[in-house]
Amino acid sequence: MIGLSAKICSFHFIRKEAANMKTAKRKAGSSPSEADFLKRFELKVSPTEMKKIKLAYALAEFGHSEQSRDNGEPYFNHLVAATLILVDELGVTDVDLVVSELLHDMLEDSPILNEAALTLIFGKRVAKIVQNVTKPKRNDPRFGSDDERHQAYFARITSCRVDEKIVKMADRLHNVRTLDNCLLQKRERKIRETRDHYLPLVDDIRRVHPEQAVYLKRQLLIALDRAEKRLGTENAQKWQPTSG
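All figures in this text were calculated on a predicted structure; none of them were measured in a lab.

## Quick notes on the packing of helix 4 (residues 47–63) against helix 6 (residues 95–102)
Look at helix 4 against helix 6: their axes get within 9 Å of each other, and the N-to-C directions meet at 10°. Between helix 4 and helix 6, the angle is such that the two are roughly parallel. Between helix 4 and helix 6, the residues in contact are Glu-49, Lys-52, Ile-53, Ala-56, Tyr-57 and Ala-60 and Val-95, Asp-96, Val-98, Val-99 and Leu-102, respectively. Looking at side-chain class alone, the contact of helix 4 with helix 6 contains eight nonpolar, no polar and three charged residues.

## A look at the pattern of salt bridges
Between side chains of opposite charge, pairing is possible as soon as their charged atoms come close. This model, assessed by the stated rule, comprises 22 salt bridges. In this structure, the salt-bridge partner of Lys-168 is Asp-171, at a minimum N-O distance of 3.1 Å. With Lys-168 and Asp-171 both in helix 11 (residues 162–177) and three residues apart, this pair spans about one turn of that helix. For the pair shown, Lys-168 and Asp-171 are each scored as buried.

## Some remarks on the side chain of Glu-193
Take Glu-193: it is sitting in helix 12 (residues 184–198). Glu-193 sits in the buried class, given a relative accessible area of 9%. In this structure Glu-193 touches Phe-154, Arg-172 and Tyr-198, once residues within four positions along its chain are discounted.

## Description of helix 11
In a regular helix each residue adds 1.5 Å, so 16 residues correspond to 22 Å; helix 11 covers 22 Å between its end C-alpha atoms and thus fits that length. The element helix 11 is extensively covered by neighbouring structure, given that 14 of its 16 residues are classed as buried.

## Some thoughts on the environment of Val-126
Structurally, Val-126 can be placed in helix 9 (residues 124–133). Overall, the relative accessible area of 0% leaves Val-126 in the buried class. Here the alpha-carbon distance between Val-126 and Val-95, two residues 31 residues apart in the chain, equals 9.5 Å. Every residue in contact with Val-126, bar those within four places of it in the chain, is listed here: Asp-96, Val-99 and Ser-100.

## Observations regarding the packing of helix 6 against helix 11
At a minimum axis separation of 10 Å, helix 6 and helix 11 run at an interaxial angle of 45°. Relative to helix 11, the element helix 6 is oriented oblique. Once helix 6 is placed against helix 11, the crossing between them reads as right-handed. Of helix 11, the residues touching helix 6 (which contributes Leu-97, Ser-100 and Glu-101) are Asp-163, Ile-166, Val-167, Ala-170 and Asp-171. Taken together, the residues that form the contact of helix 6 with helix 11 break down as four nonpolar, one polar and three charged.

Rules used in this analysis
- Residues numbered from 1 in each chain as written.
- Predicted model: local features only at pLDDT ≥ 70, side-chain atom pairs only at ≥ 80, totals over all residues.
- Heavy atoms only, no water.
- Axes fitted to C-alpha atoms, helices over the stretch in contact; angles between N-to-C directions.
- Helix = DSSP H or I, 4+ residues; strand = E, 2+ residues; numbered from the N terminus.
- Parallel < 35°, antiparallel > 145°, perpendicular 65-115°, else oblique.
- Contact = heavy atoms within 4.5 Å.
- Nonpolar A, V, L, I, M, F, W, Y, C, P; charged D, E, K, R; others polar.
- Salt bridge = Lys/Arg side-chain N within 4 Å of Asp/Glu carboxyl O.
- Buried < 20%, exposed > 50% of the residue type's maximum accessible area, 1.4 Å probe, protein only.
- Expected span 1.5 Å × (residues − 1).
- Left-handed = near helix turned anticlockwise from the far one by under 90°.

Dropping the structure here:
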């Protein structure tokens, strides 16, 4: 975190660095341009709120610039896609939730921000949301195994506020929609996790946002059904005896 304050307090520095990190990794059409992404907020948020969204976008792009998803796609594309689910599909206009979605993996996967920095830049609410949707690190000494670590995380998500659950569910919906990019074992685990731990969260969301909850559940079930059918087909092909 050395020199962090000098970097994160300079919006132009972050934007310049993020732009410099764009490479051929980004696939054509896989993610909207920054201009197209920001256009959906015009006339809907204040100039101050737009600056927050722009800074969160730039920080997310810079902070995850060296990361890729399982299929080689830039990890940043996932953050944009999850945010578009939040905004375009669920109709969320709360700027703190938009910022939190863009930054939801920052504490887990990037060294450029910590909770104190998030609080300083975006406020306590954003910092709290991002912290609560962040998984404990693999080397966290509080847990004796990965299973114990995951169970602690699921327990925390279950006890989160509704706005935090919405951020997490937009993230999970995009992950389930793109499970084809993952190895079979990872797909099986993600499908099981979603059915056992994330689908039940929809009931909590329904109490406050009934329309969004109905949509989330329907879309998750569609994505799960597709992923399970694809998984079943590939498993069958895997064990099909070869001729000759």
